[in-house]
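Fold and contact review
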Amino acid sequence: MFRTKLKKSAALVVFASSVLLGCSQHESQQEAQQNTTAEPLVSKTLLQAPVQLKVGEGFIEPLGYYESKPRFSWRLMQGLNSFKQTAYQIQVASDAQFKSPIIWDSGQVESSANSWIKYQGQPLQSRQTVFWRVKVWNEAKQASKWSSAQSLEMGLLANKDWTAKWIGHTDTELAKSPSQALIATPQYLRTEFALDKSVKTARLYISAKGLFKAYINGQQVAPQDVMTPGWTPYQKRIETLTYDVTDLLAQGQNALAATLAGGWYSGRIFDLKDQDHTQPPRLIAQLEVTYQDGSIKTIATDETWLASQQGPIRFASIYDGEKYDQAKEIPGWNAVNKNISLQSSKWTQVTTENLDADVALSPKRHAPIRVIESLPVQQIVKADTNSVVFDFGQNMVGVPKVSIPMLAGQTAKIRFAEALHKGEFYTDNYRSAHSTNYFTADKTGVIHYQPSFTYHGYRYVEISGFDPKQTPSKDWVTAIVQHSDMALANNFTSSHSKLNQLLSNVVWGLRSNFYDIPLDCPQRDERMGWTGDAQVFVTPSMYMADSYAFWSAWLQSLREDQTAEGKIPSYVPYKEWKVKWASSGWGDAATIIPWDLYMMTGDKQVLADNYAMMQAWVRYHTSHSKNAISSMMTFGDWLQPFTESKQVNRGDTPFDLISTAYYARSIELTLKTAKELGKTADVAELQALHQQVKQAFRQHFFDSQLNPTQGLATQTTYLLGLAFNLFDGEEIEIAQQILIMLLKEADNHLRTGFLGTPLLASVLQDAGRSDLVYELIFKETYPSWFYSVNNGATTTWERWNSYSLKDGFNPQGMNSLNHYAYGSISRWFYEGMLGIQPKTPGFKQITIAPQLGEQLNQAQGFYDTPQGRVEVAWQVTDKQFNLKLVVPSNTTAEIILPKQLIASTVKLNGSVALNQALQNLSAGSYNLTATLAD
Ligand code: RAM
């Protein structure tokens, strides 16, 4: 749905210049006109126009947009002239000059809201292009200028917009019982057409049951986009891409072509080899050309297209890799080409299929996976005449780009590994994922190859089968890093290098697993959208990357995969596998993710969209409980270290306790949502249910002293109770004391898995023991985060002890070195160390409560709230504390002082500051100093 990189940056340039230059002359005239008509007269002011205009979950001038009633957001200029917004006005028109009749005018709305303002006009139609602009008023009722106008173009919103049909190679028709190998062989599809007039604009709407790469006149349409259209519940919805291809077309003869592979649609998921490549991949494309004279020509996939399975990519699989045969290259296959016709031996007519009535074709609602950067080889680990092992120094995800000398007829084999095992190349932890590429050379010489329809999670690459007379060199291979495209914030640094490395590992964990959907891991035969991993990582990821669109897109898949009974599968998109049951702590993603996103954004749409799913999930919980105690199945406190349980991966915390705690949590969040949405009828019912489950939790699982009545007392037991507000009054303190004692018994090490770990920091901070959070984070010995850093980790691991430099991979098995769940600790880098927290949803009011620890004397960072950037930098030198804070426009902040400070020494901007003075800071920069107590 997005412009190509080039177009995108062009949009950014326009945006930047409008910031620098203010509005154009034309806009001032517009404003003068406006002022004489609808609006009250205001004096000429210096109020700066709103900036950073965005649509929906953060799109700048989107192309191929998905929402017929978009949401609009903007920011006020920050800095010297910052002011508080008291009103706004949005206008939408069909031209950038706003000369045509206005399509929608909000009028002057008294409100300080600057985000997620919903368009209230007639629903926008497929293909429609509109422009929008906004102006704001300050407290003195002075108006700003109009912002620059921003465009918004819709994609194809409904199946009826498609005249194109699904096409594919006839040999792959199911009626012909094609072999798995045949279905796994990528297809080459093409057509030619004439354009007899000069072209004004052209849009390519395109998608696949599988994966595609599109070409016009031999040029790739979107060279940066990979693995499109991405992964949704395909039986319900397939996403479509929209590209501006005006510049690729020419008057006269043109060619439109695509390669097509099975991807997630027809390849196996997990180790289900019997399902591997059993569904034939199909392509759909509709090229709509508008001539200068306004007439339109449409070129659509139909029976006139040609197909071949005789191209160079012989095999493609997500998990297993790709096979490429250079001898089979077809020069010019994707350009105008007289030599290609039905008569040419390699090409046949395609088979066509109509659109499926119950599968919605919908514009992609978040950025595709893209080529993000390339990394050079750091070192050659070993080399001989047969093989060479390269080390990139960073575990990551994507494909290699190789340029290697080969002899004609030789096959190069390219393998991947996350780490060396006692010095050896090791692939066992990929399990059944073959994850290997093969390239067969036709001619002697240097070959260039980059896989198209697979991906790998790796740090090391091994290449064998090159020309043995040549000496391997570092430039033989480059790592092409690929993931869902989103702005990475890069927004925390400290004086402690191991801490910085830990955050870097977490960020690379995010980058490796945000692969169209949130994956558990990117390398072995799994790579699925495990809901439990996702729910613990949503808030941390929002601090580290602009990931709102990514998450809300996946939430749509969650809604689509929820069953009529309310069950949420343990991974989404769902494909039937041995785990058919729902798991507490996993399915609760349905309530936790919408709520967490709301807290980070303040966008009520995410609550409204998901409320029915939340309610249905609560009902599903209820159907698995008796007397308010849930017996829902659970993966438990997954991979808790030092477990005594027979189910070694599931930890010691009683399953019913976990399930009941999550039951309560899901009710609580659904209740909060009902309140925010004004669903008064539901509020009372949810309140009563919550009370009931909370009491049952307390009475069933604990005695009067808060000792467990069943199973072991685990850290996670008390973490769940405290984090989910299941204790009251003095029992809160008792539970905190027990938790602290359990930590102490473990020499202040954690004993937590996937569910307990993410709760540690905030629970301990609430207990006034941020010192313990620091101790846990800075712990060097197993189980701890630094243990992995000390053992060379560059991403976060699945187990606390998945690997060690000395012994290599943990013999227990299931050792991904790239699982983000334990990376959830990064949340505390922002909310604890920097102390930035949303006091109200969307950071309209911000709490600044930096936590100090003796392990750290300096930290700085920022977070881009919907209102603007909040910045925090603090340091401690010789008992002197200094905090620099920037509060963004249109917000207020309160500072909660670190408890180590001597209150009487606190000065704000040089003046003695009482606590009160710190409670309601408006936008601006502050400098706070104080002395630490001994
Ligand atoms: C593992 C996955 C995932 C976890 C589930 C329960 O195999 O890797 O991380 O959530 O199982």
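Starting afresh in each chain, residues are numbered from 1 along the sequence in its written order. Confidence filtering applies because this is a predicted model: local features only for residues at pLDDT of at least 70, side-chain atom pairs given and counted only at 80 or more, and all residues used for totals across whole chains, interfaces and linings. Computation of side-chain values: all heavy atoms of the structure, hydrogens and water removed.

Re the site of the ligand
What counts is decided by this rule: In this text, near means that some heavy atom of the residue lies within 4 Å of the molecule or strand in question. Under the rule applied, a polar contact is a pair of N or O atoms within 3.5 Å (in protein, one hydrogen donor and one hydrogen acceptor; residues adjacent in sequence only if both atoms are side-chain atoms). Here, Shrake-Rupley sampling with a 1.4 Å probe gives the accessible areas, and only protein chains in the shown set may cover a residue. Classes in brief: Ala, Val, Leu, Ile, Met, Phe, Trp, Tyr, Cys and Pro nonpolar; Asp, Glu, Lys and Arg charged; the others, Gly included, polar.
The environment of the ligand is formed by D520, R524, E526, W530, D533, W586, F635, W638, F754, E798 and H819. Contacts to the ligand include E526, whose side-chain N or O atom sits 2.5 Å from an oxygen atom. In this structure, H819 approaches the ligand through a side-chain N or O atom, which is 2.9 Å from an oxygen atom. About the coverage of the ligand: the protein hides 96% of its 290 Å² of free accessible area. Among the residues forming the shell around the ligand, the class breakdown is five nonpolar, one polar and five charged.

Notes on the nonpolar core
Selection criterion: Grouping buried Ala, Val, Leu, Ile, Met, Phe, Trp, Tyr and Cys residues that are joined through side-chain atoms within 4.5 Å yields what is termed a nonpolar core. Summary of the burial criterion: residues with accessible area below 20% of their type's maximum are buried, those above 50% are exposed, and those between are partly exposed, where the area comes from a 1.4 Å probe applied to protein chains only. The helix and strand labels rest on DSSP assignments: H or I over at least four residues marks a helix, E over at least two residues marks a strand, and numbering proceeds from the N terminus. We call two residues in contact whenever any of their non-hydrogen atoms come within 4.5 Å of each other.
One finds W264, I463, W551, I777 and W874 to be the most contacted residues of the largest nonpolar core, which totals 212 residues. By residue number, the principal contributor to this core is helix α10 (residues 655-676), which donates 10 residues. Ignoring any residue separated from it by four or fewer positions in sequence, one finds W551 in contact with F514, P518, A534, F537, V538, S541, M542, I593, L597 and Y820. Judged by nonpolar contacts, the second largest core, of 31 residues, contains F193, L248, A258 and L287.

Quick look at the packing of aromatic side chains
Defined as follows: Within 6.5 Å between ring centres, the rings of Phe, Tyr and Trp (the latter by its six-membered ring) count as paired, and their orientation is classed by plane angle as stacked under 30 degrees, edge-to-face over 60, tilted in between. Any Lys NZ or Arg CZ that is within 6 Å of a ring centre and within 35 degrees of that ring's normal is treated as a charge sitting over the ring.
Under the defined criterion, the tally for this structure stands at 60 aromatic pairs. Between F754 and Y822 the ring centres are 5.3 Å apart and the planes differ by 80°, which places this aromatic pair in the edge-to-face class. With F754 in the loop between α13 (730-745) and α14 (757-766) and Y822 in the loop between β41 (808-809) and α17 (826-834), this pair connects stretches of sequence that are 68 residues apart. Given a relative accessible area of 3%, F754 falls into the buried group. We classify Y822 as buried; its relative accessible area is 3%. With 5.3 Å between their ring centres and 80° between their planes, Y774 and W828 make a pair best called edge-to-face. With Y774 in helix α15 (residues 770-778) and W828 in helix α17, this pair connects stretches of sequence that are 54 residues apart. Exposure class is identical for Y774 and W828. Each is buried. An aromatic cluster of at least three residues, connected via ring pairs, comprises F270, W530, Y571, Y574, W577, W581, W586, F635 and W638. For R527, the ring lying beneath its charged end belongs to Y455, and the centroid distance is 4.6 Å. The cationic tip of R869 hangs over the ring face of F862; the distance from NZ or CZ to the ring centre is 3.7 Å.

So, the environment of G168
Relative to the helices and strands, G168 is located in strand β10 (residues 166-169). On the basis of relative accessibility, which here comes to 0%, the residue G168 falls in the buried class. Considering only alpha carbons, one finds G168 and N748, 580 residues apart in sequence, at a separation of 60 Å. Contacts of G168, omitting those with residues within four sequence positions, involve Q187, L189, P281, R282, V350 and T351.

Here's the deal with the UniProt feature "domain: Alpha-L-rhamnosidase concanavalin-like" (unreviewed entry) in the protein
What counts is decided by this rule: UniProt positions are given in the numbering used here, feature names are shortened, and annotations may be inferred rather than shown by experiment.
In this structure's numbering, the residues bearing the UniProt feature "domain: Alpha-L-rhamnosidase concanavalin-like" (unreviewed entry) are residues 383-481. Structurally, residues 383-481 is divided into 0% helix and 56% strand, and its ends, taken at the C-alpha atoms, are 24 Å apart.

Description of the pairing of strand β27 (residues 387-406)
What counts, and what does not: Strands are treated as partners if at least two bridges between them are detected by DSSP.
Across the 20 residues that make up β27, a large majority, 17, are buried. Counted between consecutive antiparallel strands, the loop separating strand β26 (residues 379-383) from β27 contains three residues. Two strands pair when backbone bridges link them, and β27 and strand β33 (residues 456-464) are joined in this way by eight bridges, in the antiparallel orientation. Counterpart to V397 in the pairing with β33 is G457. Relative to strand β34 (residues 477-484), β27 runs antiparallel, the two being bridged by five bridges. Bridged to G398 within β34 is V481. Sheet analysis places β27 next to strand β32 (residues 445-449), joined by five bridges and oriented antiparallel. Its bridge partner lying in β32, M406 is registered against G445.

Let's talk about the side chain of T531
Locating T531 in the fold gives a position in helix α6 (residues 531-544). At a separation of 3.2 Å, a polar atom in the side chain of T531 contacts the main-chain carbonyl oxygen of W586. Those residues in contact with T531, other than ones at most four positions away along the chain, are W554, L558, I568, P569, S570, Y571, V572, W586, G587 and A589.

A word on the pattern of salt bridges
To keep things clear, this is the line we draw: Counted as salt bridges are all cases of a side-chain nitrogen of Lys or Arg within 4 Å of a carboxyl oxygen of Asp or Glu.
Taken as a whole, this structure holds 43 salt bridges when the rule is applied. When the shortest N-O distance is used, the salt bridge between R365 and E57 registers 3.2 Å. Pair noted here: R365 is in the loop between β24 (360-363) and β25 (369-376) and E57 is in the loop between β1 (51-55) and β2 (63-65), with a separation of 308 residues, a long-range link. Taking the relative accessible area as the measure of exposure, R365 reaches 5% and is therefore buried. On the accessibility criterion, E57 (5% relative accessible area) is buried. A salt bridge links R524 to E526; the shortest N-O distance between them is 2.9 Å. The pair R524 / E526 is uniform in exposure class, with both members buried. Here the salt bridges do not stand alone but share partners, grouping E57, E67, R71, R365 and D603 into one network.

Here we look at the sheet that holds strand β7 (residues 117-118)
Pairing is antiparallel across the open sheet formed by three strands, whose spatial order is β1-β3-β7. Every other strand in the sheet has two partners, leaving β1 and β7 as the edge strands with one partner each. Where β1 meets strand β3 (residues 71-75), three bridges bridge the pair, whose relative direction is antiparallel. Bridge pairing in β3 places V55 opposite F72.

Looking at the packing of α14 against α15
Note the following rule: Fitting a line to C-alpha atoms yields each axis, with helices limited to the stretch in contact; the angle taken between N-to-C directions then spans 0 to 180 degrees. Put simply, angles under 35 degrees are roughly parallel, angles over 145 are roughly antiparallel, angles from 65 to 115 are roughly perpendicular, and the rest are oblique.
Interaxial distance between α14 and α15 falls to 7 Å at its minimum, and their mutual angle equals 150°. In terms of orientation, α14 and α15 fall into the roughly antiparallel class. Contacts between α14 and α15 involve L760, A761, L764 and Q765 on the former and, on the latter, S770, L772, V773 and L776. Each residue belonging to the contact of α14 with α15 can be placed in one class, and the counts come to six nonpolar, two polar and no charged.

Looking at the domain arrangement of the protein
Short version of the rule: For the domains described, the bounds stem from an automatic or database domain assignment. As a working definition, buried area equals the accessible area (1.4 Å probe) given up by two parts on being put together, with both sides summed.
If you check the domain split of the protein, you get domain 1 (42-154), domain 2 (159-363), domain 3 (369-484), domain 4 (492-833) and domain 5 (843-931). Computed from C-alpha coordinates alone, the two centres of domain 1 and domain 4 are separated by 38 Å. Residue-level contacts link six residues of domain 1 with seven residues of domain 4. Carbon and sulfur atoms make up 50% of the area that domain 1 and domain 4 hide from each other, which totals about 610 Å². When the buried surface of domain 1 facing domain 4 is broken down by residue, E57, R71 and W116 rank first, second and third, together holding 73% of it. On the surface where domain 1 and domain 4 come into contact, there are one salt bridge. The shortest N-O distance in the salt bridge between D603 and R71 comes to 2.5 Å. By residue class, the composition of the side of domain 1 that touches domain 4 is two nonpolar, no polar and four charged.

Examining the environment of D864
Considering the arrangement of structural elements, one finds D864 in strand β44 (residues 858-865). Exposure remark for D864: the relative accessible area of 30% places this residue in the partly exposed category. Along the sequence, D864 and T931 sit 67 residues apart, while their C-alpha atoms lie 30 Å from each other. Among residues more than four places away in sequence, those in contact with D864 are R75 and R869.

Overview of the pairing of strand β31 (residues 437-440)
With three bridges joining them, strand β22 (residues 321-325) and β31 adopt parallel strand pairing. Its bridge partner being in β31, D325 is matched across the sheet by T440. Summarising the sheet, strand β28 (residues 411-417) and β31 pair through four bridges and their orientation is antiparallel. Following the sheet pairing, T411 is matched in β31 by T440.

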